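# Coordinates in review
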Amino acid sequence: MNIKYRSKRKGLEGKLYCADARKFLQRHQGVGADLIFLDPPFNLGKPYPGRSRKLDKVPDEKYAEQILQVLDAAIDVLAEGGALYLYHVPKWGLRFGGHLQSKLQFKHWIAVSMKNGFVRGRQLYPAHYALLYFTKGEAATFNRPKLEITRCRKCGETTKDYGGYLSIMEEKGVNLSDIWEDLSPVRHRSTKTRPANELPLAFYRRVFEISGVEDGLFIDPFVGSGASAIVAMEFGMNYTVNDISADSLQSSLNRLRNAELK
Ligand SMILES: C[S@@+](CC[C@H](N)C(=O)[O-])C[C@H]1O[C@@H](n2cnc3c(N)ncnc32)[C@H](O)[C@@H]1O
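Numbering of residues starts from 1 in each chain and follows the order in which that chain's sequence is written. Whole-chain, interface and lining totals are the exception, using all residues; otherwise, since this is a predicted model, local features are given only for residues with pLDDT of at least 70 and side-chain atom pairs are given and counted only at 80 or more. Side-chain measures here rest on the full set of heavy atoms in the structure, leaving out hydrogens and waters.

The next point concerns the overall build of the chain. In DSSP terms, a helix is any run of H or I states spanning at least four residues, a strand is any run of E spanning at least two, and both are numbered starting from the N terminus. Looking only at helices and strands, the chain features 7 helices and 11 strands. The atom set for the radius of gyration is the C-alpha atoms, and the globule formula is 2.2 Å times the number of residues raised to the power 0.38. For a compact globule of 262 residues, the expected C-alpha radius of gyration is about 18 Å, and the chain comes in at 19 Å, within 12% of that figure. Dimensions of the chain, computed from the C-alpha atoms along their principal axes, are close to 55 × 50 × 40 Å. Taking all 262 residues of the chain together, 47% fall into the buried category. Here a residue-residue contact requires only that any non-hydrogen atoms of the pair lie within 4.5 Å. A separation threshold of at least 6 residues defines the contact pool for the chain, and within that pool the share at least 24 residues apart is 67%. Under the convention used here, a 1.4 Å probe and the Shrake-Rupley method define accessible areas, while residue burial counts only the protein chains that appear. When the accessible area of the chain is evaluated, it comes to approximately 14,200 Å², of which 50% is carbon and sulfur surface. Each residue gets one of three labels from its accessible area relative to the maximum for its type: buried under 20%, exposed over 50%, partly exposed in between, using a 1.4 Å probe on protein chains only.

As C-alpha cells, then:
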C-alpha cells in the first residue's frame, strides 16, 4: 500500500493513503490510535468523486457486512483507552452501535442537527445524524467543552433562560450536551472544497477537544475532503488518513498543503 503524501510539520507526522478502508485499517493493525473517526458512505446512492453512485447503493445486508468488517478492523487499530467515533444516519447508527457496544465501552449517542435533504415516504423530516462515541475500556482522555451562552443575533438577548444560572453560565460557559444544534453543514459553494459532502471544521474541532491527545495518533479511513486531518494538525496530533477515491485525496492533499503553509 503506497503512501500518497507524507508530511513532517512541527515534529508531527502526517500520512495520506489511497485504499479500501478495511485494507487500510488492517495494514495499521496494532498501531494504537488514540482517536479514530469513521464517516463511511451511507449507502444512499451518492456519487463520490471519481466513483459511480451504484457503489453507494448495494443491498442492505451487503452494506452491513462491509461496514461491520471496517468496524472490527478499526477496533484492532484503537489503543487501550482510545476513542472511536462513528458518524451515520440513525437507522445504521442503531445497528452498528449495537455491534460496537458488544466490543467497546459506550459513551454517547450525540444527536448532530444537520438539516439536509427532504421528507421521504411516511416519515418525519430527518433532522439529525448520529455521532456514536465509544472508548476501548476507560477513556484515557476526556474533556468536556464549554460553549458560550446563545444570544439572539438581532437583539443580543439570551435565547434560553438557563434556570436562574445565567451569571454562572456567562462566567464559566455552558457544558456541551449530547445534542449539537449549533453547527452548520458545509453546503455553500464558497465554503465547500469538493462536490461531495464534507463535515465542518467546527464539528471536528469539538471531537478533538473531547478526545484529542496532543502528540497522539489520529486515524480516519474515509477522510473525504481532508477536514479531519486539518484539525488533527491544528490540534497537534499525528494523522494517518485514507480515502479510496484518488479525486477525494487530491482535494485533501491541496487542502493539507495550504494549511501547512500557514
Ligand atoms: C461521507 S464521505 C466522508 C466525508 C469526510 N468525513 C469529510 O468531512 O470530508 C465518505 C468518503 O468515503 C470514501 N469511500 C467510499 N468507499 C470507500 C472505501 N471502501 N474505502 C475508503 N474510502 C471510501 C468516499 O470517497 C468519500 O470521500
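Here the narrative resumes.
Attention shifts here to the pattern of salt bridges. Salt bridges, as used here, are contacts in which a Lys or Arg side-chain nitrogen is within 4 Å of a carboxyl oxygen on Asp or Glu. Applying the stated criterion to the full structure yields 9 salt bridges. Its salt-bridge partner being E198, residue R255 comes within 3.7 Å of it at the nearest N-O pair. Pair noted here: R255 is in helix α7 (residues 246–261) and E198 is in the loop between β9 (179–180) and α5 (201–211), with a separation of 57 residues, a long-range link. E198 matches R255 in its accessibility class, with the two residues each being buried. Each of R6, K8 and E13 takes part in a single network of salt bridges with overlapping partners.

What follows is about the site of the ligand. It suffices for a single heavy atom of a residue to lie within 4 Å of a molecule or strand for the residue to be listed as near it. With respect to spatial proximity, 23 residues lie near the ligand, and among them A21, D39, Y204, S225 and D243 are the closest. Think of a polar contact as two N or O atoms within 3.5 Å of one another; within protein, one of them needs to be a possible hydrogen donor and the other a possible acceptor, and neighboring residues in sequence only count if both atoms come from side chains. In the environment of the ligand, a nitrogen atom lies 2.7 Å from a nitrogen or oxygen atom belonging to the side chain of D39. At 3.2 Å, a backbone N or O of I244 approaches a nitrogen atom of the ligand. Contact with the protein chains hides 96% of the accessible area of the ligand, taken as 600 Å² for the molecule alone. In terms of residue class, the shell around the ligand is built from 11 nonpolar, 6 polar and 6 charged. The classification used treats Ala, Val, Leu, Ile, Met, Phe, Trp, Tyr, Cys and Pro as nonpolar, Asp, Glu, Lys and Arg as charged, and all other residues, Gly among them, as polar.

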